[in-house]
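# Report on the structure
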Amino acid sequence: MTLHVPTNAPVLMKNVYQKIFPQVKIELNYWRKRAEQIPNKELRTQALASIQTKKFHCQGGSVYSVLSGGQWEKSIRFIVAYQTISDYLDNLCDRSTSLDPTDFRMLHQSMEDALSPENKAKNYYQYREEQDDGEYLVNLVQTCQAVLREIDDYTDFQNHMIQLESLYSDLQVHKHVTHHERIPRLEKWFQEHQQKWPMLSWYEFSACTGSTLGIFCMVSYGLNNKMTTKLADNIFESYFPFLQGLHIMLDYFIDQQEDKEEGDLNFCNYYQNEDELEKRLLYFVEQTNKQVQTLPERGFHEMIQHGLVGLYLADPKVRKMRQFQPTVKRLLKASGRKSQFFHWNIKMYNRLAGRY
């Protein structure tokens, strides 16, 4: 079952900069050109904005392609297409013209179809005014389906993928409706799942559902013919809730000021105080570290955890979060030397890219 996967941070980073990021750029350039051709102005604007402002989601997710061995380019093709659907729909629900949960549900049917090669594409814009995207969303769905058709035993773990997608789509529907309905819907939704994950609050559970990392992990193993039902169970339990939760909680942590200015929902705002927020982030770090010990290629999954902490806390936004600097230091310390290596490395990359 063992793969030849880099578990040495400098080796992994070299692979990322020399192979993975350039391939991500090729895929994103393709989808950017497609987005530029979208006839409807509003859909075109949101598609281009999602690629421009959220490309780091594709870059980060594509690190999982190392689990695909010789199929790494196909893995990146899937990850970029699937993440681009996610980011585009997030913009359509968050920044566009609709607050209709029926519309949001239909849009996110595309994410289930992308994981279901047997499904035919649909009119995902059925319940909104804007319609003509020049087949952009359908082509993204079909690209994902084409990659998944090349996995011989895909049906062995498809249900696990759909379960993660279903949780993700539920979150997107509930959190984007009209403001006064959001919290009651999210709290009621959590009550349906609370018995299984009693260690979480409703806002932590919501955060855990908002990550696509478990899906990228399963697809990448699958392309290398390494997936089994047992491994799918193991990945699901290891990634959900804690690693996925750590991923999204860090995302919300660095976006607190931005979301306040935009009036957006931020799950970090529901802790009683900054001390409780720090305590729970450290809890997610500890639990993630414990859970990934059960996975094959344990060193790689540990590096994902370390990389998430290093990546998010190296974001230029963090420099402005003066009251949280002690929290940032304690999170880096708790996550260990590899997180500190990634943190330093990514800060240097950001400086060279002119982001500081």
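Structure: above.
Reading the values: rules and limits
- Residues numbered from 1 in each chain as written.
- Predicted model: local features only at pLDDT ≥ 70, side-chain atom pairs only at ≥ 80, totals over all residues.
- Heavy atoms only, no water.
- Helix = DSSP H or I, 4+ residues; strand = E, 2+ residues; numbered from the N terminus.
- Rg over C-alpha atoms; globule rule 2.2 N^0.38 Å.
- Buried < 20%, exposed > 50% of the residue type's maximum accessible area, 1.4 Å probe, protein only.
- Core = buried A, V, L, I, M, F, W, Y, C linked by side-chain atoms within 4.5 Å.
- Contact = heavy atoms within 4.5 Å.
- Phe/Tyr/Trp six-rings, centres within 6.5 Å; stacked < 30°, edge-to-face > 60°.
- Lys NZ or Arg CZ within 6 Å of the ring centre and 35° of its normal.
- Axes fitted to C-alpha atoms, helices over the stretch in contact; angles between N-to-C directions.
- Left-handed = near helix turned anticlockwise from the far one by under 90°.

### Re the overall build of the protein
Secondary structure assignment for the protein yields 15 helices and 0 strands. Compactness check: the protein gives a C-alpha radius of gyration of 19 Å against a globular reference of 21 Å for 356 residues, within 12% of the reference. Dimensions of the protein along its principal axes, counting C-alpha atoms only, are 50 × 50 × 45 Å. Buried residues in the protein amount to 57% of all 356 residues.

### A closer look at the nonpolar core
In terms of nonpolar packing, the biggest core is built from 118 residues, with Tyr64, Phe78 and Phe253 touching the most fellow members. Top element by residues in this core is helix H10 (residues 229-254). It accounts for 15 residues. Leaving out residues up to four positions away in the same chain, tyrosine 64 has contacts with Ser75, Ile79, Leu213, Phe216, Cys217, Ser220, Tyr239, Leu243, Phe300 and Ile304.

### Here we look at the packing of aromatic side chains
Per the counting criterion, the structure on display carries 26 aromatic pairs. Aromatic ring contacts, followed pair by pair, group Trp189, Phe190, Trp197, Phe205, Phe236 and Phe240 into a single cluster. The residue whose ring lies beneath lysine 19 is tryptophan 72, and the NZ or CZ to ring-centre distance is 4.5 Å.

### Overview of unusual backbone geometry
Proline 241 follows phenylalanine 240 through a cis peptide bond whose omega is 15°. Take proline 241: it is sitting in helix H10. One non-glycine residue, glutamate 135, lies in the positive phi region at around 70°. Assignment of secondary structure puts glutamate 135 in the loop between helix H4 (101-114) and helix H5 (136-148).

### Details of the environment of valine 318
Within the secondary structure, valine 318 sits in the loop between helix H13 (298-313) and helix H14 (325-335). Along the primary structure valine 318 and tyrosine 168 are separated by 150 residues, whereas in three dimensions their C-alpha atoms are 26 Å apart. Once residues within four sequence positions are removed from consideration, valine 318 is found in contact with Ile254, Tyr312, Leu313, Gln325 and Val328.

### Focus: the packing of H10 against helix H12 (residues 274-291)
Contact pair H10 / H12: the axes reach a minimum separation of 9 Å and the direction vectors enclose 145°. The two elements H10 and H12 cross, and the hand of that crossing is left-handed. Residues Glu237, Ser238, Pro241, Phe242, Leu243, Gly245, Leu246, Met249 and Phe253 of H10 lie in contact with H12, whose contacting residues are Leu277, Leu281, Tyr283, Phe284, Val285, Gln287, Thr288 and Gln291.

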